[in-house]
Amino acid sequence: MVRPQSFEKPTGFRDFTPPFARKKRLLEERLQRQFSKWGYQEILTPTLEFYDTVGSASAVAEQRMFKCMDREGNTLVLKPDQTAPIARVVASLLKEEPLPIRLSYHSSVFRAQESETGRKAELLQSGIELIGLAGPEADVEVIRLAMEAVRACESTPFQIAIGHIGLLDTWLKERIEQNEQVIALKQALEQRNLAGYQQYVEQWINDQKLKDELLALLRVRKHPQESPFFQGSLQTDHQHLLDAWELLMALGEAESIVFDPSLTGNVGYYTGIVFEAYAADSGFPLLSGGRYDQLLSSFKRPLPATGFALQLDRLLEVSSLQEVEPSSTWVYYEQAYKQKAFLVAQEMREQGNVVILKRVDSILVDQEIDRDDLHVIYIGKE
Amino acid sequence: MAVEPLTIAMPKGRIFEEALDLMRRSGFAIPDEFASDSRKLTVTLPEAGLQFFLAKPMDVAIYVEYGVADLGVVGKDVLLEEQRDVYELLDLRISPCKMAVAGLPSWKPAPNPRVATKYPVIAENYFKSRGEQVEVIKMNGSIELAPIVGLADRIVDIVSTGQTLRENGLVELEEIVSVTSRLIGNRASYRMKNTQIQKLSDRLAEVVQGSETIDPNRERSTVDS
C-alpha cells in the first residue's frame, strides 16, 4: 500500500470547512425546529454498535458495513443506519416510556464503498422515528413532517412518491402462484429494472388480461385507487392506504404526492406505506422512509413504527438558504491595554456582538483601521 | 409549471443510429442531418421537447445516474458492467447481440485460467456464479488478440455476428447473457418529469412491440470494437 500523504483522509470521508459547516448547522437547526414542533425529541446513539445486534438488524448489506473488533473479539460496526440503533434503545432504555415515542436525530451513518473513489462513506442523515402507532394518521404525520422539514429548508420544488410494500406483496402473490417468480419480479422492481420486470411478465404470463394488469403496476398514479391494487377485494391495508391518502389530500398535499404501486423502498424491513422524495435539480433521492412494523421484534419489543431519513448532503444542494457570515467587530489593542481590551470585548459580546481581539505591535495598522469592511475599535494611547 | 425539455444521453455509434430510427418511427420529428458522424455534441429539438447529447456508450449510464441527462439509451452490457443506480425503463430491442465466452477451438481447461475482457465485472460475476476461479484481466481493446498471443486462454466480449471471432480463429464457448439496448432514466427525473417520460416511453414501446419481427440475426457491417 502506498503511504498516504499527510493531508489525505480515508476514502469517502471529508472535512467541512466553515462555510459548509455553517450551512449544515443551519439546515439541521431548521429541521430540528420542525421536528420539535411535532413533539420529536433528539436522541444520540453510539457510533459503534455490535454487528450481532444492530448490524444484523440493519437493512444495509453486510459487505457495506465498516467492521472492527473490540478487545473481547466481538465484531463491531460503524452504525450503518440510525433506525436500528433507535429500535435498540426503544426496546431497552425507553422500555417504560409511554407510547407512542417520537424521536429525532442528526447523525452520520457509514457505508463502505466498493467502487467510485469519490462516493461518500460517511453520510449525514437527519430523521425521525414514530414508534408505537399503527394507524394511517401515523403515516400521514411522518410524511407531512417530511414535507414541512424540506420546505423549512427552502428546497426547490419536490415530489413524494408513495407506495405500499405490503399491498404489493399480497397483490403479486394473489396473481402469481410460483414463489420464485414473485421474488424475481419484486427483485426487478427493487433494482428499478422495469424492463426486466416487463420481460418476466412477457415470458411467464400467457393470460392477456393478467399480463396487462401486471404491466399496469409500473404506472405512476395521481391516486392509489387508479392503481391495479384496487381492482378486486379490498382488505385492511387498502383502507389504511386510502385513509392516509385522503388525509394528505385534505391537508392540501395533492400536488406534491403521487402513488407508485411499484415502489418497494430501499430498505428490507419495510412492511407498509413507503415513500421517497425527490427535488428538482438533484438527481438523487432527498429522503426516504416508511413503515417497519417488524423491526422492533428483533429487539424483543414488537411495536409498529414508521419514520424517514433525510440525506443532508442532497438538501445542501437544493436548499436556497443562505447563511451569512456573522459580522464581527475587531478590537485592536496595544499591549499595555490588554485588560481593558478584554473587558470592552466582553461587554460587547454580552450585548450579542461577535468580537475578535487583535494585539497591535506596530503602527502600520492605520490603513487597516480605515478599511470600510472592518468594524474596528482601537484601545491604546489615543 | 413550464414543460422543461427532456435531456437524453445517446451513445455514439451503431446504437445511436438505430435509436434515432426508432424515435423517428415513433413520430418524433428528428432532422435527417442529425447523425452520429456530425461533430456536434448536443442537438436541441424544441418542437419535440427533446435535447440530445452524444457520449461514449460506457459513459451514458453515468450521465443518467447523476441526473445530467434525464434519459439515456444504453446497451444492457454497459448496465451490467457499470451497475449504476438508474431506472431501466424499456427494452428497445435494438442492437441485439450477446455477451459470450470465447476461445480457440482447441480450448481445454487450463491449470491457471486467465480471461481477458473489457467487462471485468460481468466476467467476474459470471465465473463466480459458476464456481470457477479465474484471473480476470481488464483490457481496453483488441480483446480477440489475447488467446492468440497467449495472454489469456479465454475472452469475455460482445458477440454480434461472430465475424470478428471467426476472422481471428476463435469460437464462442458459452453464452453469458443476451444484450439489447435499453431506455434508462434518472431516479429523480422519473419522479419530477414522470408524465413526459412515461409518454415518450409509451410511444417507443408501441413501435418496439410492433417491430418484433425484426430479425435479430440480420447481418451487420461492423462488430463492436
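Quick caveat, the model's predicted, so the values are computed rather than measured. (Residues numbered from 1 in each chain as written. Chains lettered and ligands numbered in written order. Predicted model: local features only at pLDDT ≥ 70, side-chain atom pairs only at ≥ 80, totals over all residues. Heavy atoms only, no water.)

Engineer: Before we go on, may I ask you to explain the domain arrangement of chain A in this structure?
Structural biologist: For interface size, the figure often reported is the accessible area lost on association. Residue and element names in this part refer to chain A. The domain boundaries assigned to chain A delineate domain 1 (11-155 + 286-324), domain 2 (156-278) and domain 3 (328-379). The distance between the C-alpha centroids of domain 1 and domain 2 comes to 25 Å. Contact residues are listed per partner, giving 33 residues for domain 1 and 26 residues for domain 2. Both sides together, the interface formed by domain 1 and domain 2 hides about 2400 Å², and carbon and sulfur atoms give 66% of it. Interface area lost by domain 1 to domain 2 is led by Val 140, Ile 143 and Met 147, which between them contribute 24%. (Domains from an automatic or database assignment. Contact = heavy atoms within 4.5 Å. Buried area = accessible area lost by both parts, 1.4 Å probe.)

Engineer: What is the right way to read the nonpolar core from this model?
Structural biologist: One broad rule of soluble globular proteins: the nonpolar side chains tend to lie buried together. By size, the foremost hydrophobic cluster in this structure holds 122 residues, and its most contacted members are Tyr197(A), Phe308(A), Met10(B), Met23(B) and Leu200(B). Here this core takes nine residues from helix 4 (residues 136-152) of chain A, the largest share from any one element. When near neighbours in sequence (up to four residues on either side) are disregarded, Tyr197(A) contacts Trp171(A), Leu172(A), Leu185(A), Ala188(A), Leu189(A), Leu214(A), Leu217(A) and Leu218(A). In this structure, Cys97(B), Val115(B), Ala123(B) and Ile158(B) belong to the second largest nonpolar core, which totals 13 residues. (Core = buried A, V, L, I, M, F, W, Y, C linked by side-chain atoms within 4.5 Å. Buried < 20%, exposed > 50% of the residue type's maximum accessible area, 1.4 Å probe, protein only. Helix = DSSP H or I, 4+ residues; strand = E, 2+ residues; numbered from the N terminus.)

Engineer: Before we go on, may I ask you to explain the UniProt feature "domain: ATP phosphoribosyltransferase catalytic" (unreviewed entry) in chain B in this structure?
Structural biologist: Here, the residues flagged by UniProt with the feature "domain: ATP phosphoribosyltransferase catalytic" (unreviewed entry) are residues 56-205 of chain B. This span, residues 56-205 of chain B, is 36% helix and 30% strand, and a straight line between its end C-alpha atoms measures 25 Å. (UniProt positions renumbered as here; feature names shortened; annotations may be inferred.)

Engineer: What's the story with the UniProt feature "binding site: L-histidine" (unreviewed entry) in chain A in this structure? I'm lost.
Structural biologist: All names here are of chain A. Per the UniProt entry, the sites bearing "binding site: L-histidine" (unreviewed entry) are Asp 81, Gln 82, Thr 83, Arg 111, Gln 125, Glu 129, Tyr 269 and Tyr 270 in this numbering. Structurally, Gln 82 is set in the loop between strand 4 (75-78) and helix 3 (83-91). With a relative accessible area of 2%, Gln 82 lands in the buried category. Here Gln 82 is in contact with Thr 45, Tyr 105, Ser 107 and Val 109, once residues within four sequence places are set aside. In terms of polar contacts, Gln 82 uses its side chain to reach the side chain of Lys 79, at 2.7 Å. Summarising the element assignment, Gln 125 is placed in strand 6 (residues 122-131). You can call Gln 125 buried: its relative accessible area is 5%. Excluding anything up to four places from it in sequence, Gln 125 contacts Tyr 105, His 106, Ser 107, Val 109, Arg 111, Ala 309, Leu 310 and Gln 311. (Polar contact = N/O pair within 3.5 Å; in protein donor to acceptor, adjacent residues only side chain to side chain.)

Engineer: Help me understand a nonpolar patch on the surface, please; the structure alone is not making it clear to me.
Structural biologist: Residues and elements named next belong to chain B. On the surface, Leu 104, Leu 145, Ile 148, Val 149 and Leu 151 cluster together into a nonpolar patch covering about 410 Å² of accessible area. For Ile 148, the position within the fold is in helix 5 (residues 145-149). According to the relative accessible area criterion, Ile 148 is partly exposed, its value standing at 44%. (Patch = residues over 30% accessible without salt bridge, like charges linked within 9 Å, V, L, I, M, F, W, Y side chains within 5 Å. Areas by Shrake-Rupley, 256 points an atom, 1.4 Å probe, with all protein chains shown as cover. Salt bridge = Lys/Arg side-chain N within 4 Å of Asp/Glu carboxyl O.)

Engineer: Would you take a moment to explain the domain arrangement of chain B for this structure?
Structural biologist: Residues and elements named next belong to chain B. What the domain assignment reports for chain B is domain 1 (6-95 + 180-210) and domain 2 (97-178). For domain 1 and domain 2, the distance between their C-alpha centroids amounts to 29 Å. Across the contact, eight residues belong to domain 1 and twelve residues belong to domain 2. Together domain 1 and domain 2 conceal approximately 760 Å² of surface at their shared face, both sides included; 54% is due to carbon and sulfur atoms. By the criterion of area lost to domain 2, the three top residues of domain 1 are Asp 77, Leu 80 and Glu 81, representing 58% of everything that side buries. Counting across the domain 1 and domain 2 interface gives zero salt bridges. Between the two partners, domain 1 and domain 2, sit four residue pairs in polar contact (both at pLDDT 80 or more).

Engineer: It is not clear to me how the sheet that holds strand 12 (residues 328-334) of chain A should be interpreted in this structure. Could you clarify?
Structural biologist: Hydrogen bonds along the backbone pair up the strands of a sheet, which may run parallel or antiparallel. Residue and element names in this part refer to chain A. Spatially, the three strands line up as an open sheet ordered 13-12-14, and their pairing is parallel. In this open sheet, the two edge strands, each paired with only one partner strand, are strand 13 (354-360) and strand 14 (375-379). Each strand of the sheet is rotated relative to its neighbour by a mean of 25 degrees, with strand direction disregarded. The sheet contact formed by strand 12 and strand 13 spans seven bridges and is parallel. (Pairing = 2+ DSSP bridges. Axes fitted to C-alpha atoms, helices over the stretch in contact; angles between N-to-C directions.)

Engineer: What should I look at first to understand the sheet that holds strand 7 (residues 158-164) of chain A in this one?
Structural biologist: Residues and elements named next belong to chain A. Taken in spatial order, the eight strands make up an open sheet running 1-5-6-11-10-9-7-8, and their pairing is mixed. The two strands at the open ends of the sheet, each matched to only one other strand, are strand 1 (41-42) and strand 8 (257-259). With five bridges joining them, strand 10 (residues 287-291) and strand 11 (residues 305-311) adopt antiparallel strand pairing. Across the sheet, residue Arg 291 finds its bridge partner in strand 11, namely Thr 306.

Engineer: Just to check I follow, could you spell out the pairing of strand 4 of chain A for this structure?
Structural biologist: Two faces, one strand: in a regular strand the side chains alternate between the faces of the sheet. Residues and elements named next belong to chain A. Across three bridges, the pairing between strand 2 (residues 48-50) and strand 4 is antiparallel. Within strand 4, the residue paired with Phe 50 across the bridge is Leu 76. Pairing of strand 3 (residues 67-69) with strand 4 involves three bridges; the strand directions are antiparallel. Within strand 4, the residue paired with Cys 68 across the bridge is Leu 76. Hairpin connection of strand 3 to strand 4: five residues between the antiparallel strands, including Gly 73 at a positive phi of 90 degrees.

Engineer: What is the right way to look at the pattern of salt bridges in this model?
Structural biologist: Oppositely charged side chains can pair when the atoms bearing their charge come close. Summed over the entire model, instances satisfying the criterion amount to 33 salt bridges over all chains. Among the ionic pairs, Arg314(A) bridges to Glu317(A), the shortest N-O distance being 3.3 Å. Residue Arg314(A) and its partner Glu317(A) are both found in helix 10 (residues 312-318); the two are separated by three residues, about one turn of the helix. Between Arg130(B) and Glu174(B) there is a salt bridge whose closest N-O contact spans 3.2 Å. A residue pair is termed long-range when its members are at least 10 positions apart, and Arg130(B) in the loop between helix 4 (120-129) and strand 8 (135-138) and Glu174(B) in strand 10 (residues 171-179) qualify at 44 residues. A residue is classified by how much of its surface remains accessible, and Arg130(B), at 47% relative accessible area, is partly exposed. Salt bridges here are not isolated pairs; linked through shared partners, they connect Arg144(A), Glu148(A), Arg151(A) and Glu253(A).

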